[in-house]
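Listed below, chain by chain, are the residues.
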Amino acid sequence: MVKLNFRRLRRLLPVFLTFLILFETVAIIATTPKPRTRFFEFYVLGANGSAADYYPNNSSFIQTGQPITWFLAVINRMSSMQFIDIRVRLANQSLTAPNDTTLSPSSAPVVADFERFIQNNQTLKVPFIWQVQNFTTTSQGSSRIVQLQIGNVTYSLQNAPTCVTSCSFRFIFELWTWSLESSQFQFAWWNGNEQQIAWLQLWFRLTPGVP
Amino acid sequence: MAASVAFLLVVLTFLIIYPAPVSSQSNLQSQQLTKVIEDVLKAESAGARPDEMAKLAAGLNDVLSLENELQTPQDSNKAQPTSQIAVELENVDTQAKQIEIIAAHRTFENQIRTYLLAAFASFLATIIAHYALLLRRRERVKRVLRMKIVAR
């Protein structure tokens, strides 16, 4: 074994310092959190939990009292826990959908909403079981949903949109996030310096009997 | 004297007509909720583990369930859920603060451990480099000693 005398130690000191700087730099890089793209994944699944079977018998013609099961799914990729609100709007063809450029929500009335806290990198699945319980049709041929059941709650719709013959209704699902600055939900979230929104829509038609 | 009495009357009338603005209960609750969320996020950024965050998220989702109960029109006894919400929020806040302290301590320990490990690795690397150089020099010396001087 070679003895490490003072001269040798002095000679080894620069080598040790070089290695120290190198390894500590690696340690700092490894322990510093990296900036990541912040986003949500937002999608709707059909009754079987897959991207199919959205409507019974694969027909978007819905009868009154016919229950339809969808799953609203959100994956949080925001690098932190989020407080989200999925707002469900009932719209016809003429009401405006959310605008991806101006980042404004739809003008359709909100019929229900689902507020949840969702952890980072976690998937939230909300069952959305709904049925049209009652709708009216005028002599001009326009129809309006007056009673809608979502989950166990029945909603009597006062200002629901009307739809003329052969037009379609749609559910618009908007993803809102809680803003700590304003203490309220906001439609868009921040990813660095840019704002992003997430929304979905599913169309359906009303039929009094079997289509 | 009359002027001061008149002024006092005007002030009193003004105070009676315009009472001091009082924040609504829901507004207070939303402020409390924001504060709790801030504390939960602080715990997360301090390095709380996913299982700890799951506990906090579950507590906050329980608060939302209570709030939904409160909003149900059939519910006649609303005083109880309101106080329950406040208690539940307080519990989550306390948990979040505790987790933040533990997580911050753990993160600090982990960082110190990582930096010490890096220092130890550099020490080992220095020793290895030193002995590698030594071995190389010895081999060179051996090779030189094995050399023969051949007269031409």
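Residues numbered from 1 in each chain as written. Chains lettered and ligands numbered in written order. Predicted model: local features only at pLDDT ≥ 70, side-chain atom pairs only at ≥ 80, totals over all residues.

Participant: Give me the lowdown on the overall build of chain B, citing residues and values where you can.
Facilitator: Counting its regular elements, chain B contains 4 helices and 0 strands. Counting from the amino terminus, helix and strand elements in chain B follow one another as α-α-α-α. The 152 residues of chain B split such that 16% are buried. Summarising the internal contacts of chain B: among those between residues at least 6 apart in sequence, 75% fall at separations of at least 24. (Helix = DSSP H or I, 4+ residues; strand = E, 2+ residues; numbered from the N terminus. Buried ≥ 20, exposed ≤ 12 C-beta atoms within 10 Å, placed from the backbone. Contact = placed C-beta atoms within 7 Å.)

Participant: Describe the overall build of chain A, listing the residues and the values that go with them.
Facilitator: In terms of helices and strands, chain A carries 1 helix and 14 strands. Expected size for 211 residues packed as a compact globule is a radius of gyration near 17 Å; at 27 Å, chain A overshoots this value by more than 25%. Expressed along its principal axes, the backbone C-alpha trace of chain A runs to roughly 105 × 35 × 25 Å. For chain A, buried positions account for 25% of its 211 residues. Of the contacts formed within chain A by residues at least 6 apart in sequence, a portion of 65% connects residues at least 24 apart. (Rg over C-alpha atoms; globule rule 2.2 N^0.38 Å.)

Participant: Outline the interface of chain A and chain B, listing residues and values.
Facilitator: Accessible area lost upon the coming together of the parts is a frequently used measure of interface size. Taken together, the contact between chain A and chain B spans 21 residues of the former and 28 residues of the latter. Contributions of two or more residues to the side of chain A that touches chain B are made by helix H1 (6-31) and strand S5 (110-118) of chain A. Broken down by element, the residue count for the side of chain A that touches chain B peaks at 10 residues, all from H1 of chain A. Taken together, the residues that form the side of chain A that touches chain B break down as 14 nonpolar, 4 polar and 3 charged. (Nonpolar A, V, L, I, M, F, W, Y, C, P; charged D, E, K, R; others polar.)

Participant: Tell me about the pairing of strand S6 (residues 123-137) of chain A, residues and numbers included.
Facilitator: Residue and element names in this part refer to chain A. In this sheet, S6 lies alongside strand S3 (residues 68-77) in antiparallel orientation, the contact comprising 8 bridges. Bridge pairing links Ile75 to Thr123 in S6. Pairing between S6 and strand S7 (residues 143-150): 7 bridges, direction antiparallel. Bridging across to S7, Thr137 finds its partner in Ser143. Between S6 and S7, which pair antiparallel one after the other, the connecting turn spans 5 residues, and Gly141 there sits at a positive phi close to 95°. (Pairing = 2+ DSSP bridges.)

Participant: Talk me through the environment of Thr162 of chain A; I want residue IDs and the actual numbers.
Facilitator: All names here are of chain A. With respect to the helices and strands, the residue Thr162 is situated in strand S9 (residues 162-163). With 16 C-beta atoms counted inside 10 Å, the residue Thr162 sits in the partly exposed group. Considered as a pair, Thr162 and Val110 are 52 residues apart in the sequence and their alpha carbons are 15 Å apart. If near-sequence neighbours (up to four positions away) are discounted, Thr162 is found in contact with Asn92, Ser142, Ser143 and Arg144.

Participant: Describe H1 of chain A, naming the residues involved and giving the relevant values.
Facilitator: When the terminal C-alpha atoms of H1 of chain A are compared, their 35 Å separation across 26 residues agrees well with the 38 Å that a helix rising 1.5 Å per residue should span. In the structure, H1 of chain A departs most strongly from a straight axis at Leu12 of chain A, where the bend amounts to approximately 30° and where the proline Pro14 of chain A lies between one and four residues downstream. (Expected span 1.5 Å × (residues − 1). Bend = angle between axes of the 7 residues up to and from the residue.)

Participant: Residues and numbers for helix H3 (residues 50-71) of chain B, please.
Facilitator: Residues and elements named next belong to chain B. Here H3 is 22 residues long and its end C-alpha atoms lie 31 Å apart, about the 32 Å a rise of 1.5 Å per residue gives. The set of residues buried in H3 consists of Met53, Leu56, Ala57, Leu60 and Val63. Looking straight down H3, one finds its buried side chains confined to an arc of 110°; they lie on one side. Exposed side of H3, more than 90 degrees from the buried face: Asp51 and Ala58 are the residues found there. (Arc of directions from axis to C-beta.)

Participant: Explain the environment of Glu67 of chain B to me, using residue names and the numbers behind them.
Facilitator: Residues and elements named next belong to chain B. Structurally, the position occupied by Glu67 is in helix H3. The class of Glu67 is partly exposed, set by 18 C-beta atoms lying within 10 Å. C-alpha separation for the pair Glu67 and Thr82, spaced 15 residues apart in sequence, amounts to 7.8 Å.

Participant: Break down the confidence of the model for chain B for me, citing the residues and quoting the values.
Facilitator: All names here are of chain B. When pLDDT is averaged along chain B, the result is 83; 75% of the residues meet or exceed 70. Between the elements of chain B, mean pLDDT differs from a low of 58, seen in helix H1 (residues 2-17), to a high of 92, seen in helix H4 (residues 79-146). A low-confidence stretch, residues 17-25 (pLDDT under 50), is modelled with 2 contacts involving residues beyond four sequence positions or located in other chains. The ipTM assigned to the predicted complex is 0.83, against a pTM of 0.80. (pLDDT = per-residue confidence, 0-100.)

Participant: Can you break down the nonpolar core residue by residue, with the values?
Facilitator: With 55 residues, the main nonpolar core has Leu90 and Leu175 of chain A together with Val40 and Leu56 of chain B as its most contacted residues. The dominant element in this core, judged by the number of residues it contributes, is strand S10 (residues 169-179) of chain A, at 7 residues. Apart from residues lying up to four places away in sequence, Leu56 of chain B is in contact with Val40, Ala43, Val92, Gln95, Ala96 and Ile99 of chain B. (Core = buried A, V, L, I, M, F, W, Y, C linked by C-beta atoms within 7 Å.)

Participant: So what's going on with unusual backbone geometry? Residues and values would help.
Facilitator: Even without a glycine there, the phi angle at Asn58 of chain A is positive, about 55°. The exposure class of Asn58 of chain A is exposed, given the 9 C-beta atoms found within 10 Å.

Participant: Please give an account of the environment of Val63 of chain B that cites residues and values.
Facilitator: All names here are of chain B. Tracing the chain through its elements places Val63 in helix H3. According to the C-beta neighbour criterion, Val63 is buried, with 22 such atoms within 10 Å. Separated by 84 residues in sequence, Val63 and Met147 place their C-alpha atoms 86 Å apart. Ignoring anything within four residues of it in the chain, the contact list for Val63 reads Ile85, Glu88, Leu89 and Val92.

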